[in-house]
Amino acid sequence: VLGPGEYRMVWCDGQVEQSAGTNLHTNFRLTGGSGSVALVMPVDGQLGVLDYLNYTNLAPGQSYGDYPNGQMFYRQVFAQATPGRSNAATAVVVQAAEVRINEWMASNTRTLQEPNGLAYEDWFELYNPGNEPVNLAGYYLTDAPNAAPQKFQIPPGYVIPPRGFLLVWADNAPHRNSTNSPELHVNFALSRNGDDIGLFAPDGRLVDLVVFGAQTSDVSQGRFPDGSASIQTLASPTPGRPNVGGQPSQPPVFNLADVRVNGSLINLGFQTTAGKRYQVQYKNRLNDTLWLNFGGPQTATGATLTVQDNILTQPSRFYRVIEVP
């Protein structure tokens, strides 16, 4: 019997013979990392589930449960376990500075189907390269980092373990989020013609941002190795798993056929890799010490970029293009 506001601790140790009075031991053990536990009661001669809890991605020494106590909608990882006492509000310390938007697919027609046999939808993954779990509750995801950086706030219960992944469905269906599934659904979709994905901290700081160009159906792009600055078209999609390297970025070489001179106007075309950023630089004399930036960095949305310069009365000018972070 539980009195009002009372807690009862149950040992899930598979040693039911040790039960005595209110000291309860089960005949099963809870599985580490991910699992379920249910409270079942008799109803009209049959058994019915009164309450249950699913947990995923728990690191050793962590507990998971309701906060505030006794409700079933907001559950989170706790840095401090409180058996037999009120759940502590202190969750895993949030340090998401290293979390990376690690892989994405903006045109998913046959690669990965949503749970429960739903449609093929856009998706991306987050990766935690650190040695501590990261609680993303209160962080924001968006496809419009400039206009709407707080487009979707991540609810409690989403924790990425060390060197772990979180799969995010960009399906405009946040109502599908559930404590029964470790995957996250957001209120936006990705454009196959090119888009942005941003992760922002609760205080508005930018944690990570990727900008990509036109996408090929069922081909993913992402960081290789995981969490690095190198973005590639990957050899095969690996949602929720380590990325497999594929096509590296093409060196930004000027295409001679796309370099044109019209009086003092110079059109410079060069090959690119979609999603990469490039900076055109120039010198008026080759023996000048420094290269000067021509304009600002540009993000490629396809296989080429073109810039135009007006050299006015300058007798000559020398150009180069470099890839920038």
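Rules behind the numbers
Going along each chain's sequence as written, the residues are numbered from 1 onward. Thresholds applied to this predicted model are a pLDDT of at least 70 for local features of residues and 80 or more for the giving and counting of side-chain atom pairs; totals over whole chains, interfaces and linings are not thresholded and use all residues. With hydrogens and water excluded, all non-hydrogen atoms of the structure serve as input to the side-chain values. Secondary structure is summarised from DSSP: a helix means a run of H or I of at least four residues, a strand means a run of E of at least two, and numbering begins at the N terminus for each. Should any heavy atoms of two residues lie within 4.5 Å, those residues are counted as being in contact. Patch building starts from residues that exceed 30% relative accessible area and form no salt bridge, then joins like charges within 9 Å and nonpolar side chains (Val, Leu, Ile, Met, Phe, Trp, Tyr) within 5 Å. Under the convention used here, a 1.4 Å probe and the Shrake-Rupley method define accessible areas, while residue burial counts only the protein chains that appear. A pair is scored as a salt bridge if a Lys or Arg side-chain nitrogen falls within 4 Å of a carboxyl oxygen belonging to Asp or Glu. Here's how the labels work: a residue is buried when its accessible area is under 20% of the maximum for its type, exposed when over 50%, partly exposed in between, all with a 1.4 Å probe on protein chains only. Any two strands are treated as partners once DSSP identifies two or more bridges connecting them. Lines fitted to C-alpha atoms define the axes, with helix axes restricted to the stretch in contact, and inter-axis angles between N-to-C directions lie between 0 and 180 degrees. Note on terminology: a nonpolar core comprises buried Ala, Val, Leu, Ile, Met, Phe, Trp, Tyr and Cys residues joined through side-chain atoms within 4.5 Å. As a per-residue measure, pLDDT tells how confident the predictor is, with possible values from 0 to 100. In summary, the pairing rule links any two rings of Phe, Tyr or Trp, Trp by its six-membered ring, whose centres are within 6.5 Å, and it sorts them by plane angle into stacked for under 30 degrees, edge-to-face for over 60 and tilted for everything else.

Describing the overall build of the protein
Helix and strand counts for the protein stand at 0 helices and 25 strands. C-alpha extents for the protein along the principal axes are approximately 95 × 40 × 30 Å. Taking the contacts inside the protein whose residues are at least 6 apart along the sequence as the reference set, 49% of them involve residues at least 24 apart.

So, a nonpolar patch on the surface
Together, Leu39, Met41, Val43 and Leu50 make up a nonpolar patch on the protein surface, roughly 350 Å² of accessible area in all. A total of 3 residues in the nonpolar patch trace back to one element, the largest contributor, which is strand 3 (residues 35-43). Among the secondary structure elements, Val43 is positioned in strand 3. Taking relative accessible area as the criterion, Val43 reaches 40% and is therefore assigned partly exposed.

Some remarks on the sheet that holds strand 20 (residues 265-271)
Sheet architecture is open: 3 strands sit in the order 19-20-24, paired in antiparallel fashion. Of all the strands in the sheet, just strand 19 (260-262) and strand 24 (304-310) have a single pairing partner and so form its edges. Taken pair by pair, the neighbouring strands of this sheet meet at an average axis angle of 15°, ignoring direction. Direction of pairing for strand 19 relative to strand 20: antiparallel, over a ladder of 3 bridges. Bridge pairing links Arg260 to Asn267 in strand 20.

A closer look at the nonpolar core
With 28 residues, the main nonpolar core has Phe124, Leu126, Leu141, Ile154 and Leu184 as its most contacted residues. Of all the secondary-structure elements, those providing two or more residues to this core are strand 7 (100-105), strand 8 (122-127), strand 13 (165-170), strand 15 (195-200) and strand 16 (206-212). If we skip the residues at most four places from it in the chain, Leu126 touches Val99, Arg100, Ile101, Leu136, Leu141, Ile160, Gly164, Phe165, Leu166 and Val168. With 12 residues, the next largest nonpolar core counts Leu268, Ala300, Leu305 and Val307 among its residues.

Concerning unusual backbone geometry
Note that the residue after Phe224, namely Pro225, is joined by a cis bond; omega there is -5°. With respect to the helices and strands, Pro225 occurs in the loop between strand 17 (221-223) and strand 18 (231-233). At Arg163, a position not held by glycine, the phi torsion is positive, near 55°.

Some words on the confidence of the model for the protein
Here the protein averages 87 in pLDDT, and 93% of its residues register 70 or above. Of all helices and strands in the protein, the one with the weakest mean pLDDT is strand 6 (residues 75-78) (76), whereas strand 8 scores best (97).

Notes on the sheet that holds strand 11 (residues 152-153)
Read across the sheet, 4 strands follow the order 11-10-15-16 without closing on themselves; strand pairing throughout is antiparallel. Among the strands making up the open sheet, the edge pair consists of strand 11 and strand 16. With 2 bridges connecting them, strand 10 (residues 140-142) and strand 11 associate as antiparallel partners. Looking at strand 11, one finds that Tyr140 is bridged to Gln153.

With respect to the packing of aromatic side chains
Following the criterion strictly, the structure yields 4 aromatic pairs and no others. Seen in terms of ring centroids, Trp104 and Phe212 are 5.9 Å apart; in terms of plane orientation they differ by 25°. Their pairing is stacked. With Trp104 in strand 7 and Phe212 in strand 16, the pair connects residues that are 108 residues apart, well separated along the chain. For Trp104, a relative accessible area of 1% translates into the label buried.

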